[in-house]
Amino acid sequence: MLTSGLTPTDGWTTCDLGHRHWGRAGAAGLLVHRDGDDGPELLLQHRALWSHHGGTWGTPGGALHLGESPEQGALREVEEELGLPAAALLLGTRSVDDHGGWAYTTVLARPAGPLDPAKLRLDGESTGVAWVPLAGLHQVTLHPGLAASMDRLRPLLTASPAA
């Protein structure tokens, strides 16, 4: 039994590309998006300074547990980190960033109804959460993994039909 709150898959690992990643069984995050007046908007969390890549804006996410699908892991993480329940979301497609021996899966989702970031309950892994226009991402410092994935994610965001 683990007493620290960590699971057997929590921990650092190195992928085939030589990068260091959190999550021995891979990781997943949830990219919540909606249609805004000027195009897609992304629900991003501002990562706490003590966290890996602290001070950047990214998706809620983290290490997958044993036997957990990327969708299950992403939904668990968004509920833990933002207090956003699965029932408030409509899952969409997923995008996998495979590094060989380790992968991060971004699961796209839309809110099932109005979603006010000010009403979300943050767990300490983030200092804020906000809707950020896709066209305005250059105005915030993105988590490096999200920044590197945007060329792959952008077409999925703009092609997704309204929920």
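Up top you'll find the structure we're talking about.
About the cut-offs
- Residues numbered from 1 in each chain as written.
- Predicted model: local features only at pLDDT ≥ 70, side-chain atom pairs only at ≥ 80, totals over all residues.
- Heavy atoms only, no water.
- Helix = DSSP H or I, 4+ residues; strand = E, 2+ residues; numbered from the N terminus.
- Expected span 1.5 Å × (residues − 1).
- Buried < 20%, exposed > 50% of the residue type's maximum accessible area, 1.4 Å probe, protein only.
- Pairing = 2+ DSSP bridges.
- Contact = heavy atoms within 4.5 Å.

**Q** How do you make sense of helix 1 (residues 70-82) when you look at a structure like this?
**A** For helix 1, spanning 13 residues, the distance from its first C-alpha to its last is 18 Å, which sits close to the expected 18 Å at 1.5 Å a residue. Summarising burial for helix 1: 10 of the 13 residues are buried, a large majority. Of all the positions in helix 1, only Pro70, Glu71, Gly73, Ala74, Leu75, Arg76, Glu77, Val78, Glu81 and Leu82 are classed as buried. Gly83 sits one or two residues past helix 1 and shows a positive phi near 70 degrees.

**Q** Can you walk me through the pairing of strand 7 (residues 89-98) in this structure?
**A** Taken residue by residue, a regular strand's side chains alternate between the two faces of the sheet. The pairing of strand 7 with strand 8 (residues 103-111) spans eight bridges and is classified as antiparallel. Considered in strand 8, the bridge of Leu89 is made with Pro111. Connecting strand 7 to the next strand, strand 8, in antiparallel fashion are four residues, including Gly100 with a positive phi near 80 degrees.

**Q** Got a minute to help me understand the environment of Val78 in this structure?
**A** Within the element layout of this structure, Val78 appears in helix 1. Classification of Val78 as buried rests on a relative accessible area of 0%. Along the chain, Val78 and Pro60 lie 18 residues apart, while their C-alpha atoms are 5.4 Å from each other. Contacts of Val78, omitting those with residues within four sequence positions, involve Leu30, Pro60, Gly83, Leu84 and Leu89.

Read these as geometric descriptors, not functional statements.
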